[in-house]
Number of protein chains: 4
Amino acid sequence: MQIGMVGLGKMGYQLSLNLMEKGHAVSAYDVNKESVDNISKDGGQGAYTLEELVKQLDRPRKIWMMVPAGEITEQVFNQLLPLLDEGDILIDGGNAHYKDSLRRYDVAKEKGVSYLDCGTSGGVEGARNGACTMIGGDKEAFDQVESIFKEISVDKGYLYTGKAGSGHFLKMIHNGIEYGMMQAIAEGFEILEKSPFDYDYEKVSTVWNNGSVIRSWLMELMENAFSKDSKLDKIKGVMHSSGEGKWTVETALDFQTAAPVIALSLMMRYRSLEDDTFTGKVVAALRNEFGGHAVVEK
Amino acid sequence: MQIGMVGLGKMGYQLSLNLMEKGHAVSAYDVNKESVDNISKDGGQGAYTLEELVKQLDRPRKIWMMVPAGEITEQVFNQLLPLLDEGDILIDGGNAHYKDSLRRYDVAKEKGVSYLDCGTSGGVEGARNGACTMIGGDKEAFDQVESIFKEISVDKGYLYTGKAGSGHFLKMIHNGIEYGMMQAIAEGFEILEKSPFDYDYEKVSTVWNNGSVIRSWLMELMENAFSKDSKLDKIKGVMHSSGEGKWTVETALDFQTAAPVIALSLMMRYRSLEDDTFTGKVVAALRNEFGGHAVVEK
Amino acid sequence: MQIGMVGLGKMGYQLSLNLMEKGHAVSAYDVNKESVDNISKDGGQGAYTLEELVKQLDRPRKIWMMVPAGEITEQVFNQLLPLLDEGDILIDGGNAHYKDSLRRYDVAKEKGVSYLDCGTSGGVEGARNGACTMIGGDKEAFDQVESIFKEISVDKGYLYTGKAGSGHFLKMIHNGIEYGMMQAIAEGFEILEKSPFDYDYEKVSTVWNNGSVIRSWLMELMENAFSKDSKLDKIKGVMHSSGEGKWTVETALDFQTAAPVIALSLMMRYRSLEDDTFTGKVVAALRNEFGGHAVVEK
Amino acid sequence: MQIGMVGLGKMGYQLSLNLMEKGHAVSAYDVNKESVDNISKDGGQGAYTLEELVKQLDRPRKIWMMVPAGEITEQVFNQLLPLLDEGDILIDGGNAHYKDSLRRYDVAKEKGVSYLDCGTSGGVEGARNGACTMIGGDKEAFDQVESIFKEISVDKGYLYTGKAGSGHFLKMIHNGIEYGMMQAIAEGFEILEKSPFDYDYEKVSTVWNNGSVIRSWLMELMENAFSKDSKLDKIKGVMHSSGEGKWTVETALDFQTAAPVIALSLMMRYRSLEDDTFTGKVVAALRNEFGGHAVVEK
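In this text the structure is predicted, and so the values were computed from the model without any measurement.

Conventions and cut-offs
- Residues numbered from 1 in each chain as written.
- Chains lettered and ligands numbered in written order.
- Predicted model: local features only at pLDDT ≥ 70, side-chain atom pairs only at ≥ 80, totals over all residues.
- Heavy atoms only, no water.
- Least-squares fit on C-alpha atoms with pLDDT ≥ 70 in both.
- UniProt positions renumbered as here; feature names shortened; annotations may be inferred.
- Helix = DSSP H or I, 4+ residues; strand = E, 2+ residues; numbered from the N terminus.
- Salt bridge = Lys/Arg side-chain N within 4 Å of Asp/Glu carboxyl O.
- Buried < 20%, exposed > 50% of the residue type's maximum accessible area, 1.4 Å probe, protein only.
- Axes fitted to C-alpha atoms, helices over the stretch in contact; angles between N-to-C directions.
- Parallel < 35°, antiparallel > 145°, perpendicular 65-115°, else oblique.
- Left-handed = near helix turned anticlockwise from the far one by under 90°.
- Contact = heavy atoms within 4.5 Å.
- Buried area = accessible area lost by both parts, 1.4 Å probe.
- Polar contact = N/O pair within 3.5 Å; in protein donor to acceptor, adjacent residues only side chain to side chain.
- Nonpolar A, V, L, I, M, F, W, Y, C, P; charged D, E, K, R; others polar.
- Phe/Tyr/Trp six-rings, centres within 6.5 Å; stacked < 30°, edge-to-face > 60°.
- Pairing = 2+ DSSP bridges.
- Disulfide = S-S within 2.5 Å.

### Some points on the relation of the copies chain A and chain D
Part 1 of the argument: Expressed as a screw operation, the relation of chain A to chain D combines 0.0 Å of axial shift with a rotation of 180°, fitting to an RMSD of 0.0 Å. Here the transformation between the copies is reduced to the relation of a two-fold axis. Nearest to the rotation axis, the C-alpha of A:Ser216 is located 2.0 Å from it, this being the minimum over chain A.

### Here's the deal with the UniProt feature "domain: 6-phosphogluconate dehydrogenase C-terminal" (unreviewed entry) in chain A
Part 1 of the argument: When the UniProt feature table is mapped onto this chain numbering, "domain: 6-phosphogluconate dehydrogenase C-terminal" (unreviewed entry) sits at residues 167–298 of chain A.
Part 2 of the argument: Annotated as 65% helix and 0% strand, the span residues 167–298 of chain A places its first and last C-alpha atoms 50 Å apart.

### Overview of the pattern of salt bridges
Part 1 of the argument: All told, the structure shown has 64 salt bridges over all chains when counted by the stated rule.
Part 2 of the argument: Salt-bridge contacts for A:Asp88 lead to A:Arg61; the nearest nitrogen and oxygen are separated by 2.6 Å. In this pair, A:Asp88 sits in the loop between α4 (71–80) and β5 (89–92) while A:Arg61 sits in the loop between α3 (50–56) and β4 (62–65), placing the two residues 27 residues apart along the sequence.
Part 3 of the argument: Residue A:Asp88 is classed as buried on the basis of its relative accessible area, which comes to 0%.
Part 4 of the argument: Relative accessible area serves as the criterion here: at 8%, A:Arg61 is assigned to the buried category.
Part 5 of the argument: C:Lys231 is paired through a salt bridge with C:Glu193; the nearest N and O atoms lie 4.0 Å apart. A residue pair is termed long-range when its members are at least 10 positions apart, and C:Lys231 in the loop between α10 (217–228) and α11 (244–254) and C:Glu193 in helix α8 (residues 166–194) qualify at 38 residues.
Part 6 of the argument: With a relative accessible area of 25%, C:Lys231 lands in the partly exposed category.

### Considering the packing of helix α13 (residues 278–291) of chain A against helix α8 (residues 166–194) of chain B
Part 1 of the argument: Packing of α13(A) against α8(B) brings their axes to within 8 Å, and their N-to-C directions diverge by 135°. When the axes of α13(A) and α8(B) are compared, the pair comes out oblique. As α13(A) packs across α8(B), the resulting crossing turns out to be right-handed. Residue-level contacts link A:Phe278, A:Thr279, A:Val282, A:Val283, A:Leu286, A:Arg287 and A:Phe290 of α13(A) to B:Glu178, B:Met182, B:Gln183, B:Ile185, B:Ala186, B:Glu187, B:Phe189, B:Glu190 and B:Glu193 of α8(B).

### Comments concerning the interface of chain A and chain B
Part 1 of the argument: Listed per partner, the contact involves 60 residues of chain A and 61 residues of chain B.
Part 2 of the argument: Looking only at chain A, the three residues that lose the most surface to chain B are A:Phe278, A:Glu289 and A:Phe290, adding up to 14% of its buried area.
Part 3 of the argument: Summed over the shared surface of chain A and chain B, the result is four salt bridges.
Part 4 of the argument: In this structure, A:Glu274 engages B:Lys194 in a salt bridge whose closest nitrogen and oxygen atoms are separated by 2.8 Å.
Part 5 of the argument: Between the two partners, chain A and chain B, sit 15 residue pairs in polar contact (both at pLDDT 80 or more).
Part 6 of the argument: Of all the elements in the fold, those that place two or more residues in the side of chain A that touches chain B are α6 (123–129), α8 (166–194), α10 (217–228), α12 (260–272) and α13 of chain A.
Part 7 of the argument: Ranked by residues supplied to the side of chain A that touches chain B, first place goes to α13(A) with 13 residues.
Part 8 of the argument: Among the residues making up the side of chain A that touches chain B, the classes are represented as 27 nonpolar, 13 polar and 20 charged.

### Digging into the packing of aromatic side chains
Note on aromatic pairs: each is described by the distance of the centres and the angle between the planes.
Part 1 of the argument: For the structure on display, the rule yields 65 aromatic pairs over all chains.
Part 2 of the argument: For the pair A:Tyr199 and D:Phe169, a centre-to-centre distance of 6.4 Å together with 25° between the ring planes defines the contact as stacked. With one member in each of two chains, A:Tyr199 in the loop between α8 and α9 (201–208) and D:Phe169 in helix α8 (residues 166–194) form a pair that bridges those chains. An identical accessibility class is assigned to A:Tyr199 and D:Phe169; each is buried.
Part 3 of the argument: A ring pair is formed by B:Phe169 and B:Phe255, whose centres lie 6.2 Å apart and whose planes are at 25°; its orientation type is stacked. In this pair, B:Phe169 sits in helix α8 while B:Phe255 sits in the loop between α11 (244–254) and α12 (260–272), placing the two residues 86 residues apart along the sequence.

### What to know about the sheet that holds strand β3 (residues 45–47) of chain D
Residues and elements named next belong to chain D.
Part 1 of the argument: Taking strand neighbours across the sheet as the criterion, the eight strands line up as β3-β2-β1-β4-β5-β6-β7-β8 in an open arrangement whose pairing is mixed. Each having just a single partner strand, β3 and β8 (153–162) make up the two edges of the open sheet. The mean inter-strand angle of the sheet, taken between neighbouring strand axes irrespective of direction, is 25°.
Part 2 of the argument: Sheet analysis places strand β1 (residues 2–6) next to strand β4 (residues 62–65), joined by three bridges and oriented parallel. By the bridge assignment, Gly-4 is partnered in β4 with Ile-63.
Part 3 of the argument: Against the sheet, helix α4 (residues 71–80) touches β1, β4, β5 (89–92) and β6 (114–121), its axis set at about 160° to β4.

### Some points on the interface of chain A and chain D
Part 1 of the argument: With 67 residues of chain A at the interface, the matching set in chain D holds 67 residues.
Part 2 of the argument: The largest contributions to the chain A side of the interface with chain D come from A:Ile191, A:Phe197 and A:Val213, which together make up 12% of the buried area.
Part 3 of the argument: Remark: the boundary between chain A and chain D carries zero salt bridges.
Part 4 of the argument: Counting only elements with at least two residues in the side of chain A that touches chain D, the list comes to β7 (131–136), β8 (153–162), α8, α9, α10, α11 (244–254) and α12 of chain A.
Part 5 of the argument: Considering every element that reaches the side of chain A that touches chain D, the biggest residue donor is α8(A), with 18 residues.
Part 6 of the argument: Across the side of chain A that touches chain D, the residue classes break down as 36 nonpolar, 22 polar and nine charged.

### Concerning the sheet that holds strand β6 (residues 114–121) of chain B
Residues and elements named next belong to chain B.
Part 1 of the argument: Sheet architecture is open: eight strands sit in the order β3-β2-β1-β4-β5-β6-β7-β8, paired in mixed fashion. At either end of the open sheet lies a strand with only one pairing partner, and these are β3 (45–47) and β8 (153–162). Neighbour-to-neighbour, the strand axes of this sheet turn through a mean angle of 25°, independent of strand direction.
Part 2 of the argument: As defined by bridge partners, strand β5 (residues 89–92) adjoins β6 across four bridges and the pair is classed as parallel. Note on β6: the bridge partner recorded for Asp-92 is Asp-117.
Part 3 of the argument: In the packing of helix α7 (residues 139–152) onto the sheet, the strands contacted are β1 (2–6), β4 (62–65), β5, β6, β7 (131–136) and β8, and the crossing angle to β8 comes to about 160°.

### Remarks on the environment of A:Gly137
Residue and element names in this part refer to chain A.
Part 1 of the argument: Following the sequence through the fold, Gly-137 ends up in the loop between β7 and α7 (139–152).
Part 2 of the argument: Residue Gly-137 is classed as buried on the basis of its relative accessible area, which comes to 1%.
Part 3 of the argument: Dropping the residues within four chain positions of it, Gly-137 is found in contact with Tyr-115, Leu-116, Asp-117, Tyr-160, Gly-162, Lys-163 and Ala-164.

### A few points about the side chain of D:Arg61
Part 1 of the argument: Reaching out from D:Arg61, the side chain makes a polar contact with the side chain of D:Asp85 at a distance of 2.8 Å.
Part 2 of the argument: When residues no more than four places from it in sequence are discounted, the contact partners of D:Arg61 are D:Val54, D:Leu83, D:Leu84, D:Asp85, D:Asp88 and D:Ile89.

### A short note on the side chain of D:Asp117
All names here are of chain D.
Part 1 of the argument: Assignment of secondary structure puts Asp-117 in strand β6.
Part 2 of the argument: Looking at Asp-117, its side chain comes within polar contact range of the main-chain nitrogen of Gly-165, at 2.8 Å.
Part 3 of the argument: Setting aside its immediate chain neighbours within four residues, Asp-117 contacts Asp-92, Ser-101, Met-134, Ile-135, Gly-136, Gly-137, Ala-164, Gly-165, Ser-166, Gly-167 and His-168.

### A word on the packing of α13(A) against helix α10 (residues 217–228) of chain B
Part 1 of the argument: Interaxial distance between α13(A) and α10(B) falls to 9 Å at its minimum, and their mutual angle equals 100°. For the element pair α13(A) / α10(B), the angle class is roughly perpendicular. Packed against α13(A), whose contacting residues are A:Phe278, A:Val282, A:Ala285, A:Leu286, A:Glu289 and A:Phe290, the element α10(B) presents B:Trp217, B:Leu218, B:Leu221, B:Met222, B:Asn224, B:Ala225, B:Phe226 and B:Lys228 at the interface.
Part 2 of the argument: Of the residues belonging to the contact of α13(A) with α10(B), the class tally is eleven nonpolar, one polar and two charged.

### A closer look at the state of the cysteines
All names here are of chain C.
Part 1 of the argument: What the rule picks out here adds up to zero disulfides over all chains.
Part 2 of the argument: Here Cys-132 stays unpaired: no disulfide links it, and the sulfur of Cys-118, its closest cysteine neighbor, is 9.1 Å away.
Part 3 of the argument: Of the residues examined, Cys-132 reaches a relative accessible area of 0% and is grouped as buried.

See below:
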C-alpha cells in the first residue's frame, strides 16, 4: 500500500522503516529537511511540504500523522485537512487527547475524510520492530487500512477498539497503568535500597523476570538499566511526565472514579521536580509554632 | 495536692509552673541539675534523684512522668516503680505508645500501683496555661487525681477516656488527625503559591480564621508564622515527625482501616527528608529505556 | 446602600436578611415566586423578573448573584448583563470556577460593568449571622461596596484578594483544605471506632475542642453531630461533593503540584458512592488466577 | 537428592511433584493424612509425624517447610528443630516475615542447623512447573542445596540473595510491587468500564500483552479471567490480602520511605472489605452540619 507519513521524529522515522520493510511505499514529510533527505536515502519518497506529500499519494490517500500531541497535531491537522479529498483516510498515531480526536473526527467527517485515532505503544523499539496499536474510528475506514496495523504491530498487537476516540482513550489508560506500574516497581527498589541487605539489582530484576508474578517488560527494562548503572548513581531522580498520566487522572475525576495509585504516581513525579516545597515549609512552620520544634533554616 | 514531677523539659517545666499556680505543691526531678535548681527558685521542691523525689512525697504518692516516649520512659518507669508503694498513682503524661502503656499498667498493677496514661495536647503554651488531657486507666485512681487534670487543663479540656491505654490511644489518633490537617493546610498554601495571584498569606490566614469553615487553631498559628516570615523564605520545607503519626498509620493497618490522608501526610514528611530518591531514579531510568526520554545526569 | 439580590436559595435568603438587618435596602429576585413573596414580607422589595429588579435599583447598581455555580450562573449572567449600565457593579457570591469568573470579568468590563468574584464561606449560618468573604476584581469597584462585605462578614472576616479571579480561587483552595481536614478527622474517628476502646465521641469532640492542637470549627460541628446521633447510626457514609474539591485537584495538576491529601479526600468520596467496584473485581480475579484465592461470588 | 517436605498444601504438594519429576527422592509430612496418602501414591515417601519424616532422611538432612506463615510456621519450626542434628539444612519456603526468619536463623544456628529463608513466587502453577525462588542465609548451606532451587525454578529463576532474611525480605518487596501493579491495572479497567466506549476487555488485555509497555504476566492472567467472565459479573470486588503487602508498608515506614502506591493499594483492599465506613458517616455528618447538605438515611 502507498502510505503518507507526516512526522519523522523518533517514532515516525522508525515506523516508516518498519512499513517499508513490510513492502509498503512510504512518502514522508517533516519540517526538518534533513530527516526528509534521510528517508529518501533509506528507500522512501521525501516530501518537503505537505502539499508535495499529498500530491505524491494516489486517492484514496492513507496518511499517518506521527507528530507531538497538542498544538503541533492541531496545526498539522488544520493544514492537512484542506488538502485532502473525500474518501481519504487520516490516521493520528500520536498521543492526542481523546476529546481532541473526537472533535477532529467530526471536522474531518464533514469533508468526507475518515479520521482514525490510533494509540501506539511499545516505544521506539516497537515502532521499528513491532508496535502495539489500538485504533478507534469508523469500522469501514479501519477495514481499508487494517493490513497496515497488522504488519507494523507484533502478532496480536493491534485492535480495532470501536467508535472514534476509543483508540486514544485506551492508549491513555494504558499509560495511566504504566505510571502506576512504574511507581510500584520504583517504590519496591527504594525500600530495597534502604534495607540492611546488599542486593545486586540487576540480578534481582532478572530473577523477578523469571517465574515470578511481577515478570513484565518493565522489569526487563530494569535489567537493562541496572546492567549499565548498577545503583543508578549517574542519574537524578527527576521524573518528567508527558501528559497522558495527567489526562488519566482528570478523566478518572470526570467519571467520579477513585484511582489513587495512578493519581499518586503522577503526584510523586511532580514532587520530584522540586528541591523544596511550600507544603514542607508550612508544616515545618506549624510544628515550630505549636511545639517549638526547630526548623531547618536556609 | 502534693505532686511529684519527673522530667523538667519544655513540657514538664511549664506543667510544674501551671500546677504550682493552681496551689499544688510540686516536687520535681530531672537528670539536668540546672532544671532542678531552677524549679526550686520558682517555688518547687527540687529532687536530684528519683529516690529523693519519692521520699519527699506523702503516701499515697501522685507522680507525673513527663519524659520523652520510648527508651527514656521505659528506663524511668523501671527505676521508679521499685521505689513506689501500694496505692501510689503514676501518671504518664508523655506520648507513649498505647501498647506500652497497657504493658506498664499491668506491671504496675502487680505492685498495687495505679498507672494512668494521659495524652497531653496543646503544646508548650498549653502546658503552662491550659492543656488538653485525655486519661485512661482505673476509674478509682482517676477519681483521686481528677482535680489535677481539671486544673491544668482549659475548661472542658480533660476527659477520662476509659480503661488503660485509651488515653494514649486517643492522643495518638489526635496527632494522626493533626498530621492530616496540617498537610491539607500546607497543600492549599502550596497551590496558592503557584497560582497566578499574589496573596498576602497572613491576611489569608486571618480571613480564613474569621467565619470560614476551616477556622482552627492551626490556622491561627499560620497567622503567627506568616506575620514573622511572610513567604516562609527563611526556612526549609523539611518535615520531621516524632512517631505518633507512624503509630497511627500502623494502627490503621492493624485494624484493616483505610486511612489514606493520614498515611500520605506521613509519607510526604518522609519524602521531604530526601533531596533525591531511588524511586525517582528508577522511574527516570525506565522512561529512558522505553522512550528514549533524556535523564537528568548528576 | 441599595442592593439587588439575585437568588433566594438557602444562602441568598439568609444573606438578604443579614443585609437588611445591617440597614441595607434589598431588592430581590428568584425564579421561585414564593421566595420573592416571602422576602417582601420580611422587609425586602420583591422582583419577579430580572428586568423588574434592575429597574428597582438606582445607578450605579450593586447586584449580588447568589445562584448555583455552573450553568445557572452562566444563564443568569447572560440575562442580566444586557440589562446593566456602565458603572454598575455585579458581585458573584457563588462558588464559580475562577476561570469562569475571569472570563465573565472580561465580558462585563467590555460593557463598563465591574465584576467582583466573591468566595463566601461559613455555611448557611454564616450567611445569616456573619460570613467569611474573599473578594477579587478591580480595587475601585471593591472600594465602592466594601461596606457590604464588612457588614455581612464577621469581624476581620472579609478580604480584598487582588485581581479578578483571586476571590473564587481562594475560596476553591479553602474548600480543598476543608476536604482534607474533614477526611483527616473522619479517618481518626474510624480508627477509634475500630479500636478496642469504648469512647463517647461527643465527649471526645469536646475535649479535642478545648486546648488541643486540632481544635477547630469542624470539630465543634462534630460535637453537634454526635450529640444528635452518638454513633452516627442513622446515616450512611455516602460522601457527596459539589465540585470545588475536584477543581482544587485539577488546579494542582495544572500547576504540577503534589496535593495527595486533597486528592485522596476527593477520591475516597467518590469511592463512597459505590457499593462495589470494578477495581475490586479485577484485583479479586487476579488473585484467583495466580494464587487460587477464592473469590466472593455474587 | 533426598528431600523432606513439611506441608502438602496447594504449594507444597505441587513442589513435591516438581521435585520428584526432577529425580529427587521426596519424603513428605502433613497434618492431613489424606495428603500424605496421596503423595505416597504419587511416588513420594509418606510420613505421618515429623519424627517419622526426620528418621526417613539421611544426614545431613535437607528439609523444606511449606506451611502458612505466622503461627503455624512458628509451631512447626519449634517442633522440628529439636529433632534435627548439626549440619542439617532447613529451608523455609513460605511467606515468613523476614524478622522472624532472622530470629529463626539465629536459633537454628545455635544448634548447628542451617536455616535458609526462601521466598517463592509464581503461584501454584509455578510450584509445579517452574517457580521463582529468592534465597537468603549462609552461602555454604545454599551451595549444598543449590541444585534444588535450580531445578524447581524456571531458567534464571533462582537467586542467592545474601545473608539471612534477605530472601524473605526480597519476596516481601516483590509482593508489595505486585499489590501496586494489580491496583494500577485494576484502576485502569475501572476507568474503561465507566467510559462512554464499549471495550472487549479480553481483547484489550490481549492487545496490551502484545507489544505494549505494560505487557506482563498479570496482564496475561487478565486475559484468562476475562475469557471466563467478560465483565467479571460473577464476582464481587472484595480484595483480600494475606499480609505481605502490610509488611511492605510497615517496612517502608520503618525506613522512613514514601511508598504511596503500595500503601494505597493495600488501603483500597481494606476499603473493599466494608460496605459502609465510619469515615463516610463523619464526612456526611459534617457536610450536613455546615451546609445543610442532606444525608443518606439508613
